[in-house]
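# Notes for the structure review
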Amino acid sequence: MPGWLEAGLWGLGGGAALLVGALVAWKVRVPQPVVALVMAFGAGVLISALAFELVEEATESGGLLPAAGGFLAGAVTYVAANAALARRGARHRKRSGGQQPSEGEQGGSGTAIALGALLDGIPESVVLGLGLVGGGTVSPAVLAAVVISNVPEGLSSSAGMKRGGRSARYVFGVWSGIALASGLSATVGYLALQSASPAVVAFITTVAAGAILAMVVDTMVPEAVERTHLLTGLVTTLGFLTAFGVDRLGG
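Residues numbered from 1 in each chain as written. Predicted model: local features only at pLDDT ≥ 70, side-chain atom pairs only at ≥ 80, totals over all residues. Heavy atoms only, no water.

## Focus on the packing of aromatic side chains
- Taken as a whole, this structure holds 3 aromatic pairs when the rule is applied.
- Ring geometry for F52 and F240: centres 5.7 Å apart, planes at 70°, overall edge-to-face. With F52 in helix 2 (residues 32-62) and F240 in helix 8 (residues 232-250), this residue pair connects regions lying 188 residues apart in the sequence.
- Residue F52 is classed as partly exposed on the basis of its relative accessible area of 22%.
- Among the aromatic side chains, those forming a connected cluster through ring pairs are F52, F240 and F244.
- The ring centre of W26 lies 4.9 Å from the NZ or CZ of K162, which sits over that ring. (Phe/Tyr/Trp six-rings, centres within 6.5 Å; stacked < 30°, edge-to-face > 60°. Helix = DSSP H or I, 4+ residues; strand = E, 2+ residues; numbered from the N terminus. Buried < 20%, exposed > 50% of the residue type's maximum accessible area, 1.4 Å probe, protein only. Lys NZ or Arg CZ within 6 Å of the ring centre and 35° of its normal.)

## Side note on the nonpolar core
- One finds L46, V142, I212, M215, V216 and M220 to be the most contacted residues of the largest nonpolar core, which totals 32 residues.
- Contributions of two or more residues to this core are made by helix 2, helix 4 (109-130), helix 5 (140-163), helix 6 (168-193) and helix 7 (198-228).
- If you look at the next biggest cluster of nonpolar residues, it comprises 12 residues, including A22, A112, I113 and V171. (Core = buried A, V, L, I, M, F, W, Y, C linked by side-chain atoms within 4.5 Å.)

## Considering the environment of G21
- Tracing the backbone through its elements, the reader meets G21 in helix 1 (residues 3-27).
- Separated by 154 residues in sequence, G21 and W175 place their C-alpha atoms 9.5 Å apart.
- Apart from the residues lying within four places of it in its own chain, the contact partners of G21 are V151, G154 and L155. (Contact = heavy atoms within 4.5 Å.)

## Things to note about the packing of helix 3 (residues 64-90) against helix 7
- Where helix 3 meets helix 7, the axes come as close as 6 Å, and the angle between the chain directions of the two elements is 40°. If you check the angle between helix 3 and helix 7, you find them oblique. Remark: the crossing between helix 3 and helix 7 carries right-handed chirality.
- A per-class count over the contact of helix 3 with helix 7 returns 16 nonpolar, 7 polar and 1 charged. (Axes fitted to C-alpha atoms, helices over the stretch in contact; angles between N-to-C directions. Parallel < 35°, antiparallel > 145°, perpendicular 65-115°, else oblique. Left-handed = near helix turned anticlockwise from the far one by under 90°. Nonpolar A, V, L, I, M, F, W, Y, C, P; charged D, E, K, R; others polar.)

## Side note on helix 2
- Helix length check: helix 2 (31 residues) gives 42 Å between terminal C-alpha atoms against 45 Å at 1.5 Å per residue, within 8%.
- Largest kink in helix 2: about 40°, centred on L50.
- Where helix 2 ends, the next residue or the one after it, G63, has phi of about 105°, a positive value. (Expected span 1.5 Å × (residues − 1). Bend = angle between axes of the 7 residues up to and from the residue.)

## Some words on a positive patch on the surface
- There is a patch of like positive charges on the surface, built from K27, R29, K162 and R163.
- Relative to the assigned elements, K162 resides in helix 5.
- Looking at K162, the relative accessible area reads 40%, which means it is partly exposed. (Patch = residues over 30% accessible without salt bridge, like charges linked within 9 Å, V, L, I, M, F, W, Y side chains within 5 Å. Areas by Shrake-Rupley, 256 points an atom, 1.4 Å probe, with all protein chains shown as cover. Salt bridge = Lys/Arg side-chain N within 4 Å of Asp/Glu carboxyl O. Lys, Arg positive; Asp, Glu negative; His and termini not counted. Charge placed at Lys NZ, Arg CZ, Asp CG, Glu CD.)

## Regarding a nonpolar patch on the surface
- There is a patch of nonpolar side chains on the surface, built from M1, W4, L5, L9, L12, L180 and L191 and spanning about 690 Å² of accessible area.
- The set of elements that each furnish at least two residues to the nonpolar patch consists of helix 1 and helix 6.
- Here the nonpolar patch takes 4 residues from helix 1, the largest share from any one element.
- Mapped onto the secondary structure, L191 falls in helix 6.

Quick look at the structure:
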């Protein structure tokens, strides 16, 4: 199978986990504390994968300065884009309660929420595609992190969309579009960087990693803390250790 196609399929698969979460939210009334617990676990998994798979390996292959510069650039870019979308109604896009505004309460919020969800999903798919650059393979820990975090993200966000009066057509249209965009992003990332130097690959990898960490803190942790309170730290730690174990056993 061509590398670009494999990268696209991995990205599509990671994005499809959001659609799975959305389907569960639409068909089953999952208690909000349960969603938050899984969200906290997913946050820990992502943080672990960032530390031991993405940033560590990028530093070893491309050097500390490109990796550190990319990590900071990714966080700054994400925060700036997230702040712009938050002013247009996307601030609570991953909240499962009644925090998301309806279109009647804030015109254009539906578009902002869709763009915010896209902003959250693209970095994850990019790192899946980059794992195949240079004849490599997709890291089991990174793949597990993306899937484990995307299911509760899609679940929580879709529950909030439903409470905000969004239609099934809107909800599933958003997540289907993001799944396709995730596959495309992984493909483009692979094609654009398959001949790039290790320093460039390290920089782009950590740009995505920095954006993912900012996303975890800005959008996943608030939902987890509000619903699980003192359990959040423990469940996040369990998620971190799970991903760390997958990484070490896979290595």
